[in-house]
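Spelled out from the first residue to the last, the chains are:
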Amino acid sequence: MSYTAEQIQSFRDELTALRDARTKLLSGRLVARIVIDGEVAEYHRVDIKYLNTRIGELQTMIASVDAPDDAVTAFVIRSGKGL
């Protein structure tokens with residue numbers, strides 16, 4: 001899917017705000033208020049699962065935009081014990 005530069009920036013801003021809210025909640029705050037596209041959103045500790053899901057979705061969308069079309073993503077896992 002193709003996104004405009006404005007949409008991509010909006011995704012990045014939302015990602016930053018949601019990460020901030022999650023950090024606040026995990027550090028003990030009962031409520032985290034953030035502003036996304038001019039709208040105030042309020043999250044509570046019970047919303048952490050939703051925040052994690054939405055953060056993952058945004059990261060995936062941003063990664064798909066940032067990666068070149070012909071890029072191959074691969075990684076190697078090596079054990080420290082030679083396994």
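Definitions and cut-offs
- Residues numbered from 1 in each chain as written.
- Predicted model: local features only at pLDDT ≥ 70, side-chain atom pairs only at ≥ 80, totals over all residues.
- Heavy atoms only, no water.
- Helix = DSSP H or I, 4+ residues; strand = E, 2+ residues; numbered from the N terminus.
- Buried < 20%, exposed > 50% of the residue type's maximum accessible area, 1.4 Å probe, protein only.
- Polar contact = N/O pair within 3.5 Å; in protein donor to acceptor, adjacent residues only side chain to side chain.
- Contact = heavy atoms within 4.5 Å.
- Salt bridge = Lys/Arg side-chain N within 4 Å of Asp/Glu carboxyl O.
- Patch = residues over 30% accessible without salt bridge, like charges linked within 9 Å, V, L, I, M, F, W, Y side chains within 5 Å.
- Areas by Shrake-Rupley, 256 points an atom, 1.4 Å probe, with all protein chains shown as cover.
- Lys, Arg positive; Asp, Glu negative; His and termini not counted.
- Charge placed at Lys NZ, Arg CZ, Asp CG, Glu CD.
- Pairing = 2+ DSSP bridges.

Chemist: Would you mind showing me how to read the environment of Val46 here?
Modeler: Looking at the secondary structure, you find Val46 in the loop between β2 (39-44) and α2 (48-66). Each C-alpha atom, one on Val46 and one on Leu30, is 9.5 Å from the other, the two residues being 16 residues apart in sequence.

Chemist: Is there a simple way to think about the side chain of Glu14 in this case?
Modeler: Among the structural elements, Glu14 can be located in helix α1 (residues 5-26). Note on Glu14: relative accessible area 12%, which makes it buried. In terms of polar contacts, Glu14 uses its side chain to reach the side chain of Arg54, at 3.0 Å. Beyond its immediate stretch of four places on either side in the chain, Glu14 contacts Ile36, Arg54 and Leu58.

Chemist: Hey, could you run me through the pattern of salt bridges in this one?
Modeler: As enumerated under the stated definition, the model contains four salt bridges in all. The residue Glu42 makes a salt bridge to Arg33 at a minimum N-O spacing of 2.9 Å. For Glu42, a relative accessible area of 40% translates into the label partly exposed. Taking relative accessible area as the criterion, Arg33 reaches 54% and is therefore assigned exposed. Put simply, Glu57 and Arg54 hold a salt bridge, and the shortest N to O gap is 3.2 Å. Within this pair, Glu57 and its partner Arg54 are both found in helix α2, separated by three residues, close to a single helical turn. Residues participating in the shared-partner salt-bridge network are Glu14, Arg54 and Glu57.

Chemist: Is there a simple way to explain a negative patch on the surface in this structure?
Modeler: There is a patch of like negative charges on the surface, built from Glu6, Asp13, Asp37 and Glu39. On the secondary structure map, Asp37 appears in the loop between β1 (31-36) and β2. Residue Asp37 is classed as exposed on the basis of its relative accessible area, which comes to 61%.

Chemist: Help me understand the pairing of β1, please; the structure alone is not making it clear to me.
Modeler: Where a strand is regular, its side chains alternate between the two sheet faces. Here β1 shows one buried face, formed by Ala32, Ile34 and Ile36, and one open face, formed by Val31, Arg33 and Val35. Examined bridge by bridge, β1 and β2 share six bridges and lie antiparallel to one another. Across the sheet, residue Ile36 finds its bridge partner in β2, namely Glu39.

That is the geometry; function is a separate question.
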